[in-house]
Amino acid sequence: MNLGDIAEAVKSYHPKADLDVIWSAYIYSAKAHRHQNRLSGAAYISHPLEVAYNLTRLKMDEQTIAAGLLHDTIEDTLLTAEELQKIFGNEIYHLVEGVTKISQIKFSSKEESQAENYRKMILAMSEDIRVVLIKLADRAHNIKTLGSLNYDAQQRIARETLDIFAPIANRLGIGWMKDELEDGAFMYLMPDEHEAIRADLASGQNLREIYVEKVRAMLENELRVSEIKGNVVGRSKHLFGIHQKMEQQEIDFNDLYDLTGLRILTYSLKDCYSILGLVHSLWKPIPGRFKDYIAMPKPNLYRSLHTAVIGPEGERLEIQIRTEKMHKICEEGIAAHWQYKEEKGIGKQPINNQLTWVRHLLETQKDLKNPKEFINSFKVDLFSSEVFVFTPEGRVIALQRDSTPVDFAYMVHTDIGNHCSTAKVNGKIVSLRYKLKNGDRVEIKTSKNQLPNRNWLSFIKTSKARSKILNFINSREKEKSLSLGVTLLNNSLAEYQVNSSEVLCGNVFNETLSASGFTNFDSLLRAIGLGKVSTHLFIEKLLPKEKIHERNKKESSRIKIQEKNPTQSGGIKLKCFNDDISLRVSKCCHPVPGDPITGYITRERGVSVHHIDCKNLQSSGGGSERFIDVVWADVKSVYSARVSIVASDKPGQLAKITQVLAACDINITLANLRQGPKEKAYFEFFIEINDLEHLNRMFLEVIKIPGVIHAKRINEYNRYLNIQEEEKSC
């Protein structure tokens, strides 16, 4: 690639472009990189030239192409940002600076770092989409030259390309770039699968080409007879697209029926539908394979008719029909709208205003503070497939597949979503859980009394709805936790016989607040209300020692009868916080040492510790900010577990089982026995154990008992213990 080719390409779509700025950028870049080579051995300037050429394929303006030539100068040469700004002006400087910032992003596996990097990417897209287009052009060349890098670098760049940059190219509607990025990454991430598909394609290529040419000639002849202007071209599926279809449908290469395809380009919307009718009159359409992306365009502005038919010789054939203008948008994506008007000079349409999905991402990143929630939302927005529905006025709304009326309501307006009470689809009242289908006409009824609730989170699909619901619930919970914190703190202070209005002010209080890590009184109250902080620990730091001793003396003088509590958590500790937070083992799943566990901050009773797979925990609907890391401590303690044993129903079986349990140093706290069908006996025991290893040793001995069929631990809801209190606290 040379600059002459780039200049000619720019002139072909923008005859009045200022080529001087492109030449100046090239000269400056060549000087800055003059002593540098790529790892392949090629002169470094070859890379900026390839990036600039990729930008001409996107029909970019001269400022963007100049920035493409200069995109590595700040990061990889002695050229300073100030010097670049002085020579080329603010516009080109900001583009180069934006690309440099994106290039420095390392998509690490840590959720906090990864979320922050995704946020940077979104902000770059929202401020000037050209920054991301330059980065995509850069990655499109780099993915072709991965062979010069070591294996680890190849894997990292290929994975990043497939996870981040290819989906962004797809969302921007840049078809050729998406395909090149996916195929390039595919070759390095899955070389065996890549080579197998490439070989399979090559083996039947000649026959497919002959068949496509035959069908193409037939269609062109039919168009002439019908006096419809249009061009018919063959199209091939890219390698990664074939791999995806094989994976998703769990089929072999030989079972693929859409390797053969044609595209018909015409000149008017009317002709598109006329050609569709012509195709269906020639060959039988395959039911369920017709998609009208003209009437209902994709969010990336993609428009086309798709149909599949049983073509000549019984072969399945995919056909796409679109106008030349639609095809330009299909190939170039959003960049095709960056039009140039010769009579008025350069007339750039505001590309960013058309990127509704970028605006949704911006809203989401403001609402979702939790890294995991934000990353999931980002990926949903990138990878979601769409369903298209209508408002009562006939406006098309694109949603993620399996979206519900609640998702629709939030897409129309946040207030409509927050007060969504009932929904009508095609004139009939439906459940808010109803999964919308293509072409549904949706009407939402609102009520001032209706507010978002956690149950909605179990069925909504779109990231916008999820972020708005979580934002509403979290803000309400903060208010509740503040009120609860006030009550709990006042009640605790009353135990020390002090006036709260007197001690919760002044220098001593402010110093204690600061020493405890709180910036203001409200943050302390919320932490107490959420169960994150012990009121007594804070009070012991706040009040004089004599007050503390006086209260403790009264407490110790009381006669207490303390029952053994199977929910004590002496063997568990918080992973990253102080040990002053109250901990208790959940009754619904009874985790024991060795089980994977997590903590859940309850409203009044500190942290409840659950098995990571606990159904009660999964159905709680709590915000992720209420989860906290806990670990098993190296402390000897006794834990409750529930076990089920099935054995043949014969005399003495219970005695044998209890003898083995006793020999294993197992204490039985509760037992339930019943006879079952087919001469089986069912035993359920609540037992006390030291840890998971202790439990497993017991199972190994029990299973040796003659007549025992199986023995297992039960983590499901316990009908013998009152779990309502547990559920309320969660």
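Quantities reported herein were computed from a predicted structural model and do not represent experimental measurements.

Student: How would you explain the overall build of the protein chain if you had to name every residue and give the values?
Tutor: Secondary structure assignment for the protein chain yields 30 helices and 21 strands. If you take every contact in the protein chain between residues at least 6 apart in sequence, the share linking residues at least 24 apart comes to 67%.

Student: Report on the packing of helix α23 (residues 506-515) against helix α25 (residues 535-542), specifying residues and quantitative values.
Tutor: Across the interface, α23 lies against α25 with an axial gap of 9 Å and an inter-helix angle of 130°. The angle between the axes of α23 and α25 places the two elements in the oblique class. At the point where α23 passes α25, the crossing takes the right-handed sense. Contacts from Val-508, Phe-509, Thr-512 and Leu-513 in α23 reach Phe-538, Lys-541 and Leu-542 in α25. When the residues that make up the contact of α23 with α25 are grouped by side-chain class, the tally is five nonpolar, one polar and one charged.

Student: Residues and numbers for helix α3 (residues 46-57), please.
Tutor: For α3, built from 12 residues, the straight-helix expectation of 16 Å at 1.5 Å per residue is met to within 8% by its first-to-last C-alpha distance of 17 Å. Among the residues of α3, His-47, Pro-48, Leu-49, Val-51, Ala-52, Asn-54, Leu-55 and Thr-56 are the ones counted as buried. Where α3 is buried, its residues contact α1 (3-13), α2 (19-32), α4 (62-70), α8 (129-142) and α10 (175-189). Of the residues trailing α3, Lys-59 is marked for its positive phi of about 60°.

Student: How would you sum up the pattern of salt bridges? Please name residues and give values.
Tutor: Inspection of every chain in the model, using the stated rule, returns 17 salt bridges. In this structure, the salt-bridge partner of Arg-139 is Glu-160, at a minimum N-O distance of 2.8 Å. Linking Arg-139 in helix α8 with Glu-160 in helix α9 (residues 151-171), this pair joins segments that are 21 residues apart in sequence. Its relative accessible area of 10% is what places Glu-160 among the buried residues. Among the ionic pairs, Lys-445 bridges to Glu-443, the shortest N-O distance being 3.3 Å. The exposure class of Lys-445 is partly exposed, given its relative accessible area of 39%. Salt bridges sharing common partners tie together Arg-57, Lys-144 and Glu-180.

Student: Can you lay out the environment of Ser-481 for me, pointing to particular residues and giving the numbers?
Tutor: Summarising the element assignment, Ser-481 is placed in helix α21 (residues 463-495). Since its relative accessible area comes to 4%, Ser-481 is described here as buried. For Ser-481 and Arg-526, which are 45 residues apart along the polypeptide, the C-alpha to C-alpha distance reads 5.0 Å.

Student: Before we move on, could you go through the nonpolar core and cite the residues and values that matter?
Tutor: The biggest cluster of nonpolar side chains holds 70 residues, and the ones touching the most others in it are Ile-65, Leu-136, Met-177 and Leu-181. The element contributing the most residues to this core is helix α6 (residues 81-103), with nine residues. Contacts of Met-177, omitting those with residues within four sequence positions, involve Leu-58, Leu-136, Ala-137, Ala-140 and Ala-169. In this structure, Phe-408, Leu-432, Leu-436 and Ile-473 belong to the second largest nonpolar core, which totals 26 residues.

Student: Residue-level account of the sheet that holds strand β11 (residues 442-446), with values.
Tutor: The three strands lie next to each other as β10-β9-β11, forming an open sheet whose pairing is antiparallel. What marks the edges here is a single partner per strand, and that holds for β10 (428-430) and β11. Averaged over all pairs of adjacent strands, the angle between their axes in this sheet comes to 35°, without regard to strand direction.

Student: Got a sec to walk through the environment of Tyr-496? Specific residues and values, please.
Tutor: Tracing the backbone shows Tyr-496 in the loop between α21 and α22 (500-503). Judged by its relative accessible area of 3%, Tyr-496 is buried. Along the chain, Tyr-496 and His-549 lie 53 residues apart, while their C-alpha atoms are 9.7 Å from each other.

Student: Tell me about the sheet that holds strand β19 (residues 667-676), and please be specific about residues and values.
Tutor: Pairing is antiparallel across the open sheet formed by four strands, whose spatial order is β19-β20-β18-β21. Unpaired on one side and paired on the other, β19 and β21 (708-713) mark the two borders of the sheet. On average, adjacent strands in this sheet sit at an angle of 15° to one another, irrespective of strand direction. In this structure, β19 lies alongside strand β20 (residues 680-689), joined through nine bridges in antiparallel fashion. Paired with Leu-673 across the strands is Phe-683, a residue of β20. Helix α28 (residues 653-663) rests against β18 (639-648), β19 and β20 of the sheet, and its axis sits at about 20° to β20. Docked against the sheet, helix α29 (residues 692-702) engages β18, β20 and β21, running at close to 170° with respect to β21.

Student: Could you give an account of α23, naming the residues involved and the relevant values?
Tutor: Every buried residue of α23 is listed here: Phe-509, Thr-512 and Leu-513. All buried residues of α23 project into a common sector of 100° when viewed along the axis, lining one side. Residues of α23 that are exposed and angled more than 90 degrees away from the buried face: Asn-507, Glu-511, Ser-514 and Ala-515. Considering only its buried residues, α23 is in contact with α22, α24 (521-529) and α25. Positive phi shows up at Gly-517, right after α23, with a value of about 90°.

Student: Tell me about a negative patch on the surface, residues and numbers included.
Tutor: On the surface, a cluster of negative charge is made up of Asp-192, Glu-193, Glu-247 and Glu-250. Within the fold, Glu-247 resides in helix α13 (residues 239-249). Since its relative accessible area comes to 54%, Glu-247 is described here as exposed.

Student: Requested: an account of the pairing of strand β15 (residues 607-611), with residues and values cited.
Tutor: Counted residue by residue, β15 has five buried out of five residues, so it is predominantly covered. Bridging between strand β13 (residues 583-585) and β15 involves three bridges; their strand directions are parallel. When the sheet's bridge partners are listed, Leu-583 is paired in β15 with Val-607. Bridge analysis of strand β14 (residues 597-601) against β15 gives five bridges, and the strand direction is antiparallel. When the sheet's bridge partners are listed, Tyr-600 is paired in β15 with Ser-608.

Student: Kindly report on the side chain of His-33, identifying the contributing residues and their values.
Tutor: Along the chain, His-33 turns up in the loop between α2 and α3. Residue His-33 is classed as buried on the basis of its relative accessible area, which comes to 2%. In contact with His-33, not counting residues within four places along its chain, are Tyr-44, Pro-48, Asp-72, Thr-73, Asp-76 and Thr-77.

Student: I'd like a description of the packing of aromatic side chains, backed by residues and values.
Tutor: Per the stated rule, a full pass over the model turns up five aromatic pairs. For the pair Phe-186 and Phe-240, a centre-to-centre distance of 5.5 Å together with 65° between the ring planes defines the contact as edge-to-face. Of this pair, Phe-186 sits in helix α10 while Phe-240 sits in helix α13, placing them 54 residues apart in sequence. Each member of the pair, Phe-186 as well as Phe-240, is classed as buried. Between the aromatic rings of Phe-683 and Phe-685, the centroid separation amounts to 6.3 Å while the plane-to-plane angle is 5°, which identifies the pairing as stacked.

Criteria and cut-off values
Residues numbered from 1 in each chain as written. Predicted model: local features only at pLDDT ≥ 70, side-chain atom pairs only at ≥ 80, totals over all residues. Heavy atoms only, no water. Helix = DSSP H or I, 4+ residues; strand = E, 2+ residues; numbered from the N terminus. Contact = heavy atoms within 4.5 Å. Axes fitted to C-alpha atoms, helices over the stretch in contact; angles between N-to-C directions. Parallel < 35°, antiparallel > 145°, perpendicular 65-115°, else oblique. Left-handed = near helix turned anticlockwise from the far one by under 90°. Nonpolar A, V, L, I, M, F, W, Y, C, P; charged D, E, K, R; others polar. Expected span 1.5 Å × (residues − 1). Buried < 20%, exposed > 50% of the residue type's maximum accessible area, 1.4 Å probe, protein only. Salt bridge = Lys/Arg side-chain N within 4 Å of Asp/Glu carboxyl O. Core = buried A, V, L, I, M, F, W, Y, C linked by side-chain atoms within 4.5 Å. Pairing = 2+ DSSP bridges. Arc of directions from axis to C-beta. Patch = residues over 30% accessible without salt bridge, like charges linked within 9 Å, V, L, I, M, F, W, Y side chains within 5 Å. Areas by Shrake-Rupley, 256 points an atom, 1.4 Å probe, with all protein chains shown as cover. Lys, Arg positive; Asp, Glu negative; His and termini not counted. Charge placed at Lys NZ, Arg CZ, Asp CG, Glu CD. Phe/Tyr/Trp six-rings, centres within 6.5 Å; stacked < 30°, edge-to-face > 60°.

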